[in-house]
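Geometric and topological summary
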Amino acid sequence: MQQLASGHIRKMKTTLVSPVAYTLPMGDTLVSMNELVGKNITLQFNGAILCQHCGSKTKKSYAQGYCYKCMISLAQCDNCIMSPEKCHYAAGTCREPQWGEENCMIDHFVYLANSSGIKVGITRHSQIPTRWIDQGAV
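1. A short note on the pairing of strand S6 (residues 108-114)
In terms of strand pairing, S6 meets strand S7 (residues 118-124) through 7 bridges, oriented antiparallel. When the sheet's bridge partners are listed, Leu-112 is paired in S7 with Val-120. Counted along the chain from S6 to the antiparallel partner S7, the turn is 3 residues long.

2. Focus on the pattern of salt bridges
Scanning the entire structure with this criterion turns up 1 salt bridge. Residues Asp-78 and Arg-95 are paired through a salt bridge, measuring 3.9 Å at the closest nitrogen-oxygen approach. One end of the pair, Asp-78, is in the loop between helix H1 (68-73) and helix H2 (97-103); the other, Arg-95, is in the loop between H1 and H2, with 17 residues separating them in the sequence. The class of Arg-95 is partly exposed, set by a relative accessible area of 35%.

3. Structural notes on unusual backbone geometry
Cis rather than trans, the peptide bond between Ser-18 and Pro-19 has omega equal to -5 degrees. When you line up the elements, Pro-19 lands in the loop between strand S1 (13-15) and strand S2 (21-26). Omega for the bond connecting Ile-128 with Pro-129 falls within 30 degrees of zero, at 5 degrees, which places this linkage in the cis form. Residue position: Pro-129 is located in the loop between S7 and helix H3 (130-135). Positive phi outside glycine occurs at Ala-63, with the angle close to 45 degrees. Inspection of the secondary structure assignment puts Ala-63 in the loop between strand S5 (57-58) and H1. Positive phi values are uncommon outside glycine, yet Gln-64 reaches one of about 70 degrees. Inspection of the secondary structure puts Gln-64 in the loop between S5 and H1.

4. A word on the environment of Val-37
Tracing the backbone through its elements, the reader meets Val-37 in the loop between strand S3 (29-32) and strand S4 (49-50). With 63 residues separating them along the chain, Val-37 and Gly-100 place their C-alpha atoms 38 Å apart.

5. Observations regarding the nonpolar core
One recurring pattern in soluble globular proteins is that nonpolar side chains are buried together. Core analysis: the biggest nonpolar cluster contains 7 residues, these being Cys-51, Tyr-66, Cys-67, Cys-70, Met-71, Leu-74 and Cys-77. Excluding residues within four positions of it along the chain, Cys-67 makes contact with Cys-51, Cys-54, Ser-56, Thr-58 and Tyr-62. Ala-5, Leu-24, Val-31 and Met-33 belong to the second-largest nonpolar core, a separate cluster that totals 6 residues.

6. Points about the sheet that holds S3
Sheet architecture is open: 3 strands sit in the order S1-S2-S3, paired in antiparallel fashion. The sheet is open, and its two borders are formed by S1 and S3, each paired with just one other strand. Along the sheet, successive strands turn relative to each other by an average axial angle of 30 degrees, direction set aside. Bridge count between S2 and S3: 4 bridges; the pairing is antiparallel. Its bridge partner being in S3, Met-26 is matched across the sheet by Thr-29.

Rules and cut-offs
Residues numbered from 1 in each chain as written. Predicted model: local features only at pLDDT ≥ 70, side-chain atom pairs only at ≥ 80, totals over all residues. Heavy atoms only, no water. Pairing = 2+ DSSP bridges. Helix = DSSP H or I, 4+ residues; strand = E, 2+ residues; numbered from the N terminus. Salt bridge = Lys/Arg side-chain N within 4 Å of Asp/Glu carboxyl O. Buried < 20%, exposed > 50% of the residue type's maximum accessible area, 1.4 Å probe, protein only. Core = buried A, V, L, I, M, F, W, Y, C linked by side-chain atoms within 4.5 Å. Contact = heavy atoms within 4.5 Å. Axes fitted to C-alpha atoms, helices over the stretch in contact; angles between N-to-C directions.

Shape descriptors only; they carry no functional weight alone.
Rendered as structure tokens:
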């Protein structure tokens, strides 16, 4: 079987075209997933879990791919990354105020999605259209 890529897997990327284009970052390669729909593929885990921030080897990943040390110390691992309404930057308790200014204190967008039912969501501009696509927004 032909090897398409090797390396650390990151969050899948989407591009708003018709149909939506999906690419999976693996190491230094972007693998086009659309071309693999309907085909048999094999993924092999080499036993190493690496923190997506510091790159250290960890037995378990936390908060979408971080080691425990980074998860408890980085603002990007705080609750507000998934729930902007829980942002505590204004209270002065942000772990990394500069990161908060660049990522929390920016425009967010409210959207409607209709997948298994109507959903109202909120996302940062950097996640448009990815978040909309994830949620089935039309």
